[in-house]
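# Architecture and fold: a report
Each chain, written out:
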Amino acid sequence: MSSARKSAELARQLFALTLDQGRLAPERVAAVLQWVEKHRPDNASAVLRALKRLVEAEVARSQAVIEYAGEVSPAVFAEVTATLSRHYGRPLESVPVARPELIAGLRVRVGCDIYENTVVSQLAALKPVS
Amino acid sequence: MSTVLEQIEQQIARLQAGTVKKNVGTIRAIADGVALCDGLSEAKYNEMIEFPGGVMGIALNLAEDDVGCVVLGDVSKLKQGDEVKTTGRLLSVPVGKALLGRVVDTLGNPVDGKGPIDAKEYYPVERIAPGIIVRKSVSQPLFTGIMAIDSMIPIGRGQRELIIGDRGTGKTTIAVDTIINQAKINRVGLASGDKNFRPVYSIYVAVGQKNSNIVRTIGALEAAGALEFTIIVAAPAADNPANQYLAPYSGAAMGEWFMENGMDALIIYDDLSKHAVAYRQISLVLKRPSGREAYPGDVFYLHSRLLERAARLEGKGSLTALPIIETLAGDVSAYIPTNVISITDGQIFLETDLFNQGVRPAVSVGLSVSRVGSAAQIKATKQVGGKLKGELAQFRELAAFAQFGSDLDAKTKAQLDRGSRIVELFKQPAGNPIPIEQQAATLWAMQKGYYDALPLGKVNAAAVSLREFFVTRKDALLTAIRTKAALDADIESQLKTACDEWKSTFNA
Ligand SMILES: Nc1ncnc2c1ncn2[C@@H]1O[C@H](COP(=O)(O)OP(=O)(O)O)[C@@H](O)[C@H]1O
Ligand SMILES: [Mg+2]
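Residues numbered from 1 in each chain as written. Chains lettered and ligands numbered in written order. Predicted model: local features only at pLDDT ≥ 70, side-chain atom pairs only at ≥ 80, totals over all residues. Heavy atoms only, no water.

## Concerning the packing of helix H11 (residues 388-402) of chain B against helix H12 (residues 410-426) of chain B
All names here are of chain B. This is how the line gets drawn: Helix axes are fitted only over the stretch in contact, all axes being lines through C-alpha atoms; the angle between N-to-C directions runs from 0 to 180 degrees. Counting from the N terminus, the helices are DSSP H or I runs at least four residues long and the strands are E runs at least two residues long. Relative orientations are named as follows: roughly parallel for angles under 35 degrees, roughly antiparallel for angles over 145 degrees, roughly perpendicular for angles from 65 to 115 degrees, and oblique for any other angle. Crossings are classed by handedness, with left-handed meaning an anticlockwise turn of the near helix from the far one by less than a right angle and right-handed meaning a clockwise turn. The contact criterion used is simple: two residues touch if any of their non-hydrogen atoms lie within 4.5 Å. Following the grouping adopted for this structure description, the nonpolar residues are Ala, Val, Leu, Ile, Met, Phe, Trp, Tyr, Cys and Pro, the charged ones are Asp, Glu, Lys and Arg, and the polar ones are all others, Gly among them.
Where H11 meets H12, the axes come as close as 9 Å, and the angle between the chain directions of the two elements is 120 degrees. Classed by the angle they form, the pair H11 and H12 counts as oblique. The hand of the H11/H12 crossing is left-handed. Residues Leu388, Glu391, Leu392, Gln394, Phe395, Arg396, Leu398, Ala399 and Ala402 of H11 form the contact with H12, whose own contacting residues are Thr412, Gln415, Leu416, Arg418, Gly419, Ser420, Ile422, Val423 and Phe426. Within the contact of H11 with H12, the residues separate by chemical class into 10 nonpolar, five polar and three charged.

What follows is the structure, given as structure tokens:
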């Protein structure tokens, strides 16, 4: 196996250890980092980079990042998050982020999926195709 | 005034309705036209991936935590961290008659400066080949206009016949002549007003060739008036490997449109050796395991799924494929040649030795076969050329022996003499396909011994003069041969009269 593939494999194994019942557990992440610090596997930095990507992806999967513009009531955030939690079959954390440049509307991101209904995106869609 | 307001209201309603979902990722690394992307959790195999700036890519490797995409187009503006998104679409190209006479790239964009192409339909580039039930056996001829091929290695519509040989043995020339011949036949057929006439449209896919060669081919087609029946798909050597890899599939999609709409088409892949090399390059960059000659394990499938798309369909049209393979030092047992030989319905093998001896087209009769074409050969050609292949193969054997012994018996000498006359007869310059009825007349005269008294060096000139004589003086007879497609007693007696007349005018 190439060294790149070995690091990726090890990162995946470490990542599996950071999960507690399918959810990222901060104390476990800390334990894994300690283990890496102590044992210094080959290519430790590559392993950690790969681990970081996996953790990042996992964090993104467990959050509904709701970007919004204008006045949006907390009830809306709660409802959006609840709907998406049902859709994905896992509890999502609601992370509202104000983004005035969207002009109006919502853009919600869960993992790699983006649901968007904002004035900017629609203006972009209106642009004549070149 | 109110209508304006209504319009605006409608527009608002439309805008409010649209929540758009997309699946995104980011570029982690990009090199050699291949982008490794994080995210893209919903990407499907062969799906189009959109990069910033409208650049498109195709997802080819779906790994556990990343997606390998080949980028079609300019990679120079892409960088690490750029957002990419899935499109939910498979790569499609424009298809239809609007493409005839045009030169396009792998994506079907015009590259000939003749303006945009008004295509009404798009077909996916990758398509499952027709199954067994919808296929019909090959039974209609496709004339190449090359006498050695039409008489001895006949090709039928829907067939896949490989053209194989070293560099510079005339492979491209045979393919281009075949396209030119289709154009000639189309002109005559369409002008005749025959309702049953089925034109053949051609697609020439140039993969990994020098631009100068492509320009030369286009020039040859244009000069012969064949461009208007032809689509040229160009993925030159300077193009990125992804485009070279996909170009044959794009061409196949364009050909399938004709087939699906009840028409006949011919597609040339020039050549699949370079296609395999482009695919090998992509596979190596994608870090797929490599096998024999460093090709990836699925290189057989690369060509089988392409060539299986050539077919003749029940109740529809046909797609005939002439793939080209370039060998090194005549080695047909290398990996790619053996693969493609086993996928096709026969091969036209061109030999450097013959080419250098001046036997052009340099078709090696012994090593060339057509496994299904004889069912499609017209009766007239069978009548005059039925035994030629055997005779020629025997001649080559005898000729090899004759080099050793000087005293040959009379029978062997006669056989050798006849063989060398046939070889002379089959010599044919590039860019000069011969209509099938003229071929029949030429071979009929051979069979009846009209060239026997001539010195060997004059045989070919005599055949040329005979054909000229027929074209200028016996047009009705040629038309009769073409429409009847067989030589009956009446035609044979007319042929005799005509040949006698010609002989009296021809002085060697
Ligand atoms: N039948 C022929 N008679 C005379 N010259 C030919 C003939 N066929 C090919 N040639 C010449 O041989 C050269 C190589 O032909 P080409 O078709 O490009 O070969 P390939 O595609 O096998 O590399 C060209 O210059 C072409 O004009
Ligand atoms: Mg060539």
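Next comes the rest of the write-up.
## Structural notes on a nonpolar patch on the surface
All names here are of chain A. Quick note on the threshold: A patch consists of residues exposed above 30% relative accessible area that lack any salt bridge, with like charges linked at up to 9 Å and nonpolar side chains (Val, Leu, Ile, Met, Phe, Trp, Tyr) linked at up to 5 Å. Each accessible area value is a Shrake-Rupley result obtained with a 1.4 Å probe; residue values ignore everything except the protein chains displayed when judging cover. When a carboxyl oxygen of Asp or Glu is within 4 Å of a side-chain nitrogen of Lys or Arg, the pair counts as a salt bridge. A 1.4 Å probe rolled over the protein chains alone gives each residue an accessible area, and that area as a share of the maximum for its type sets the label: buried under 20%, exposed over 50%, partly exposed in between.
A surface patch of nonpolar side chains, about 330 Å² in accessible area, is lined by Ile103, Val120, Leu123 and Leu126. Position of Leu123 relative to the elements: it lies in helix H5 (residues 119-126). Judged by its relative accessible area of 43%, Leu123 is partly exposed.

## A short note on the domain arrangement of chain A
Put simply, the test is: Bear in mind that the domain bounds are from an automatic or database domain assignment.
Examined at the domain level, chain A breaks down into domain 1 (3-60) and domain 2 (63-126). Taking only C-alpha atoms, the centre of domain 1 of chain A and the centre of domain 2 of chain A are 29 Å apart.

## Re the interface of chain A and chain B
We count it as follows: Each of two parts loses accessible area, computed with a 1.4 Å probe, when they are put together; buried area is these two losses added. We call two N or O atoms a polar contact when they sit within 3.5 Å, provided that within protein one can donate a hydrogen and the other can accept it, with sequence-adjacent residues counted only if both atoms are side-chain atoms.
Between chain A and chain B, the contact holds 13 residues from the first and 20 residues from the second. The contact between chain A and chain B buries some 1400 Å² in all, and 45% of this surface belongs to carbon and sulfur atoms. Summed over the three residues of chain A that lose the most area to chain B, namely Arg53(A), Cys112(A) and Ile114(A), the buried surface amounts to 34% of that side. Put simply, chain A and chain B have four salt bridges between them. The salt bridge involving Asp38(B) is made with Arg53(A); its shortest N-O contact spans 3.8 Å. Taken together, the connections running from chain A to chain B amount to five residue pairs in polar contact (both at pLDDT 80 or more).

## With respect to the pairing of strand S3 (residues 47-50) of chain B
Residues and elements named next belong to chain B. For clarity, the cut-off: One bridge is not enough; two strands pair if DSSP finds at least two bridges between them.
Where S3 and strand S6 (residues 83-90) come together, three bridges link them in antiparallel fashion. Of the residues in S6, the one forming a bridge with Ile49 is Thr86. One ladder, built from three bridges, connects S3 with strand S4 (residues 56-62); its direction is antiparallel. Residue pairing for S4: Ile49 is matched across the bridge by Gly57. Between S3 and the antiparallel strand that follows it, S4, lie five residues; Gly53 among them carries a positive phi value of about 80 degrees.

## What to know about the packing of aromatic side chains
Rules: The rule is short: rings of Phe, Tyr and Trp, with Trp giving its six-membered ring, pair when the centres are within 6.5 Å, and they are stacked under 30 degrees, edge-to-face over 60, tilted in between.
This model, assessed by the stated rule, comprises 11 aromatic pairs over all chains. Seen in terms of ring centroids, Tyr68(A) and Phe77(A) are 4.9 Å apart; in terms of plane orientation they differ by 55 degrees. Their pairing is tilted. The same class applies to Tyr68(A) as to Phe77(A), namely buried. Each ring, one from Trp257(B) and one from Phe258(B), has its centre 5.2 Å from the other, and the planes form 80 degrees; the classification is edge-to-face.

## Some thoughts on the pattern of salt bridges
Taken as a whole and judged by the stated rule, the model has 40 salt bridges over all chains. Of the charged contacts, one joins Lys171(B) and Glu326(B) as a salt bridge, the two residues approaching to 3.5 Å between their closest N and O atoms. With Lys171(B) in helix H3 (residues 171-192) and Glu326(B) in strand S14 (residues 318-326), this pair connects stretches of sequence that are 155 residues apart. Owing to a relative accessible area of 5%, Lys171(B) belongs among the buried residues under this scheme. Since its relative accessible area comes to 26%, Glu326(B) is described here as partly exposed. Ionic contacts of the salt-bridge type, sharing partners, join the residues Glu67(A), Arg99(A), Arg107(A), Glu116(A) and Lys22(B) into one network.

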